Amino acid sequence: MRSVVVVPGGNFGPQAGLLAYVGQAAARRGGALELIWWTPPAGRALEDYAPWVYEQVAPVVDGLPAPLLIGKSLGSLGAAVAADHGMCLPGPLHRSAEVLGRVTTAVEAFLDDVVWR
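Residues numbered from 1 in each chain as written. Predicted model: local features only at pLDDT ≥ 70, side-chain atom pairs only at ≥ 80, totals over all residues. Heavy atoms only, no water.

Caption draft 1: View of the packing of aromatic side chains. Scanning the model with the defined rule gives 1 aromatic pair in all. Geometrically, the ring pair formed by tryptophan 38 and tryptophan 52 is tilted, given 4.9 Å between the ring centres and 50° between the ring planes. Of this pair, tryptophan 38 sits in the loop between β2 (31-35) and α2 (46-61) while tryptophan 52 sits in helix α2, and the two are 14 residues apart along the sequence. According to the relative accessible area criterion, tryptophan 52 is buried, its value standing at 11%. (Phe/Tyr/Trp six-rings, centres within 6.5 Å; stacked < 30°, edge-to-face > 60°. Helix = DSSP H or I, 4+ residues; strand = E, 2+ residues; numbered from the N terminus. Buried < 20%, exposed > 50% of the residue type's maximum accessible area, 1.4 Å probe, protein only.)

In structure tokens:
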């Protein structure tokens, strides 16, 4: 089973805008979606939200087998919950280097096709 946790931003839920499409992309590829719904506390400085987001995301992720976390805006602070986001794979070292290559290729494509087309 592919576990996918969708962590919303500060103003919209996990099925709005970009998160709706990214969640559907994962679901169409066999991902079992876990959607987090919340109302962030008002009046906090941005750096004070990280512990709150962690508290919301950790119980959902706990016990899921190697979940993929999808977050936007405030939800991106949930990345700290991920067990390993260092892109290092077990086995031969070249597999980890290949991941780095795929990420940098995606960044270049994003810059060329979206940001500076």
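Still more to cover.
Caption draft 2: Spatial organisation of the side chain of serine 3. One can find serine 3 in strand β1 (residues 2-7). Accessibility expressed as a relative area gives 4% for serine 3, which makes it buried.

Caption draft 3: Summary view of the sheet that holds β1. Strand order in this open sheet of 3 strands is β2-β1-β3, and the pairing throughout is parallel. Two strands lie at the open edges of the sheet, namely β2 and β3 (68-71), each paired on one side alone. For this sheet, the mean inter-axis angle between neighbouring strands, taken without regard to orientation, is 25°. Of the pairings in the sheet, the one linking β1 to β3 comprises 4 bridges and is parallel in character. Directly across from valine 7, in β3, lies its bridge partner glycine 71. Where helix α1 (residues 17-27) meets the sheet, it contacts β1, β2 and β3, and its direction lies at approximately 145° from that of β2. The sheet contacts of α2 involve β1, β2 and β3, and relative to β1 the element is tilted by about 165°. (Pairing = 2+ DSSP bridges. Axes fitted to C-alpha atoms, helices over the stretch in contact; angles between N-to-C directions. Contact = heavy atoms within 4.5 Å.)

Caption draft 4: Highlighting the layout of surface pockets. In this structure, the second largest pocket encloses a volume near 240 Å³. In terms of lining, the second largest pocket is formed by Met87, Val103, Ala106, Val107 and Phe110. Class assignment of the residues belonging to the lining of the second largest pocket gives a composition of 5 nonpolar, no polar and no charged. (1 Å grid on protein atoms, 1.4 Å probe; cavity = no way out; pocket = protein on both sides within 12 Å on 5 of 7 lines; lining within 4 Å. Points joined across faces, edges and corners; volume = space filled by probe spheres on them. Nonpolar A, V, L, I, M, F, W, Y, C, P; charged D, E, K, R; others polar.)

Caption draft 5: Layout of the side chain of serine 96. Inspection of the secondary structure puts serine 96 in helix α3 (residues 93-115). Other than its neighbours up to four places away in sequence, serine 96 contacts Met87, Cys88 and Leu89.

Caption draft 6: Representation of α2. Taking 1.5 Å per residue as the helical rise, α2 with its 16 residues ought to reach 22 Å, and the 23 Å between its terminal C-alpha atoms agrees with that figure. Those residues of α2 that sit buried are Tyr49, Trp52, Val53, Val57 and Val61. Once α2 finishes, glycine 63 follows within two positions and takes phi at roughly 90°, a positive value. (Expected span 1.5 Å × (residues − 1).)

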